[in-house]
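Each chain is listed here by its residues.
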Amino acid sequence: NDTYIDIHEGEGDYVFFTADKKYFIIQSEKDGFNHLYLYDMSGKLVNQITKGNWDVVEFKGIDEKTKTVFYIASETTATEKDIYSIKLNGSGKKKVSVEKGTHSPEFSEGMKFYVDTYSNANTPYTFAICNSEGKQLRMMENNAALTNTIKQFNTSPKELFMFKTSEGVELNAWMIKPTNFDPAKKYPVFLTFYGGPGSNKVNNSFDGRDYYWHQMLAEKGYIIMCVDNRGTMYRGVAFKKCTYKQLGKLEVEDQIE
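Residues numbered from 1 in each chain as written. Predicted model: local features only at pLDDT ≥ 70, side-chain atom pairs only at ≥ 80, totals over all residues. Heavy atoms only, no water.

Break down the sheet that holds strand S11 (residues 123-131) for me, citing the residues and quoting the values.
Adjacent strands of a sheet form backbone hydrogen bonds with each other and so pair up, either parallel or antiparallel. Pairing within the open sheet is antiparallel, and its 4 strands lie in the order S9-S10-S11-S12. Each of the sheet's edge strands pairs with one partner strand only, and the pair in question is strand S9 (102-107) and strand S12 (136-141). Here the average twist between neighbouring strands, direction ignored, is 25°. Looking at chain direction, S11 and S12 are connected through 4 bridges and run antiparallel. Its bridge partner lying in S12, Ile-129 is registered against Arg-138. (Pairing = 2+ DSSP bridges. Helix = DSSP H or I, 4+ residues; strand = E, 2+ residues; numbered from the N terminus. Axes fitted to C-alpha atoms, helices over the stretch in contact; angles between N-to-C directions.)

Written as structure tokens, this is what we have:
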């Protein structure tokens, strides 16, 4: 590889062996995006399981009986995390999750059911049991008490958007405006970011404690903004690794823009 290589260190993420011990699955960025590949035990490539100009975020497992693989991907945009299924041969891809936002499933043995931890930018986490088709079977916790408490306060919604820099680079961002925002006025801006490899801050997910900290700043008249600069995740190799051997240069340029 011309740059660094990402090692997926989660359980089953780096290499996963099928139950019959005839094949294994690995993740690779060799086509420019992070995807799943099926190999036989001699090391010969059988087929690329997932393809497209988008990144697989996490491999979740395989239903050995139906030869169906489950994974999380940011296929629509880097800010979304959806659940998908696909056959080992790369056919029959389906989007399992429904709601826009961030899904984090934990599957049962056999991959017939999963507990879905879900949230979006302005909705606290919910926990539900679903079947492998994505149908909700039981809501375990909908966080209704917290949601009702939030409604008692004059909060300002977090808005996700994309903007283009003077260099023509499209960047994901979010903004929280003061509760009584007047477009004719100028406001101080509180810019929060990380921006390093391996971490995105612009996600359609709930930020917990930070959400309320930012709401308090908005109440005091600040615009709060966050930008995922070049070098961040889930937009392919070229976007993520362009900062190689020049950390801090492109990131700062993007934050200034």
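Could you give an account of the pattern of salt bridges, with specific residues and numbers?
For the structure on display, the rule yields 13 salt bridges. Lys-93 serves as the salt-bridge partner of Glu-75, at 2.9 Å between the closest nitrogen and oxygen. Taken together, the residues span a long stretch of sequence, with Glu-75 in the loop between strand S6 (68-74) and strand S7 (82-87) and Lys-93 in the loop between S7 and strand S8 (94-95) at a distance of 18 residues. Looking at Glu-75, the relative accessible area reads 27%, which means it is partly exposed. With its nearest N and O atoms 3.6 Å apart, the salt bridge here joins Lys-100 to Glu-80. Taken together, the positions of Lys-100 in the loop between S8 and S9 and Glu-80 in the loop between S6 and S7 put the pair 20 residues apart, joining distant regions of the chain. Residue Lys-100 is classed as exposed on the basis of its relative accessible area of 58%. Given a relative accessible area of 4%, Glu-80 falls into the buried group. Linked by salt bridges that have partners in common, Glu-167, Arg-230, Lys-249, Glu-253 and Asp-254 make up one network. (Salt bridge = Lys/Arg side-chain N within 4 Å of Asp/Glu carboxyl O. Buried < 20%, exposed > 50% of the residue type's maximum accessible area, 1.4 Å probe, protein only.)

Quick rundown of helix H4 (residues 249-256)? Include the residues and the values.
Those residues of H4 that sit buried are Leu-250, Glu-251, Asp-254 and Gln-255. Viewed end-on, H4 has its buried residues packed into an arc of 135°, placing them on one side of the element. Residues of H4 that are buried sit in contact with strand S14 (170-176), strand S15 (189-191) and strand S16 (223-228). (Arc of directions from axis to C-beta. Contact = heavy atoms within 4.5 Å.)

Account for unusual backbone geometry, naming residues and giving values.
With phi around 55°, Asn-143 is a residue other than glycine that occupies positive phi space. For Asn-143, the position within the fold is in the loop between S12 and helix H1 (144-151). Of note in this structure, Lys-245 is not a glycine but carries a positive phi near 65°. Note that Lys-245 resides in the loop between helix H3 (237-241) and H4.

Break down the sheet that holds strand S3 (residues 35-40) for me, citing the residues and quoting the values.
With antiparallel pairing, 4 strands are arranged side by side in an open sheet as S1-S2-S3-S4. If you trace the sheet from one side to the other, it starts and ends with strand S1 (15-17) and strand S4 (45-48), each paired once. The sheet shows a mean angle of 25° between the axes of neighbouring strands, taken without regard to direction. As judged from the 3 bridges shared by S1 and strand S2 (residues 23-28), these two strands associate in the antiparallel manner. Looking across to S2, one finds that Val-15 is bridged to Ile-26.

Explain the pairing of S11 residue by residue, including any values.
For strand S10 (residues 113-120) and S11, the ladder comprises 7 bridges, and the chain directions are antiparallel. Across the sheet, Tyr-114 pairs through a bridge with Cys-130, a residue of S11. If you look at the hairpin formed by S10 and S11, you'll find 2 residues sitting between the two strands. Hairpin connection between S11 and S12: a loop of 4 residues separates the two successive antiparallel strands, and Gly-134 in this loop has a positive phi of roughly 95°.

Now, about the side chain of Asp-228: what can you tell me, with residues and values included?
By the element assignment, Asp-228 lies in strand S16. One buried charged residue, Asp-228, forms no salt bridge at all, with the nearest opposite charge on Lys-81 at 7.6 Å. Within the structure, Asp-228 has its side chain in polar contact with the backbone nitrogen of Lys-201 (distance 3.0 Å). Among the polar contacts made by the side chain of Asp-228, one reaches the main-chain amide nitrogen of Val-202 at a distance of 3.1 Å. (Lys, Arg positive; Asp, Glu negative; His and termini not counted. Polar contact = N/O pair within 3.5 Å; in protein donor to acceptor, adjacent residues only side chain to side chain.)

Explain the pairing of S2 to me, using residue names and the numbers behind them.
Linking S1 back to S2 in an antiparallel pair, the connection comprises 5 residues, with Lys-21 at a positive phi of about 60°. The antiparallel hairpin formed by S2 and S3 contains 6 residues in its connecting segment, where Gly-32 sits at a positive phi of about 105°.

Explain the nonpolar core to me, using residue names and the numbers behind them.
Counting 14 residues, the largest nonpolar core has Ile-25, Leu-36, Ile-49, Val-69, Tyr-71 and Leu-88 as its most contacted members. At the level of elements, S3, strand S5 (55-63), S6 and S7 are the ones that each hand at least two residues to this core. When residues no more than four places from it in sequence are discounted, the contact partners of Ile-49 are Ile-25, Leu-36, Tyr-37, Leu-38, Ile-86, Lys-87, Leu-88 and Gly-90. Listed in part, the 10 residues of the second largest apolar core include Leu-171, Ala-173, Val-227 and Phe-239. (Core = buried A, V, L, I, M, F, W, Y, C linked by side-chain atoms within 4.5 Å.)

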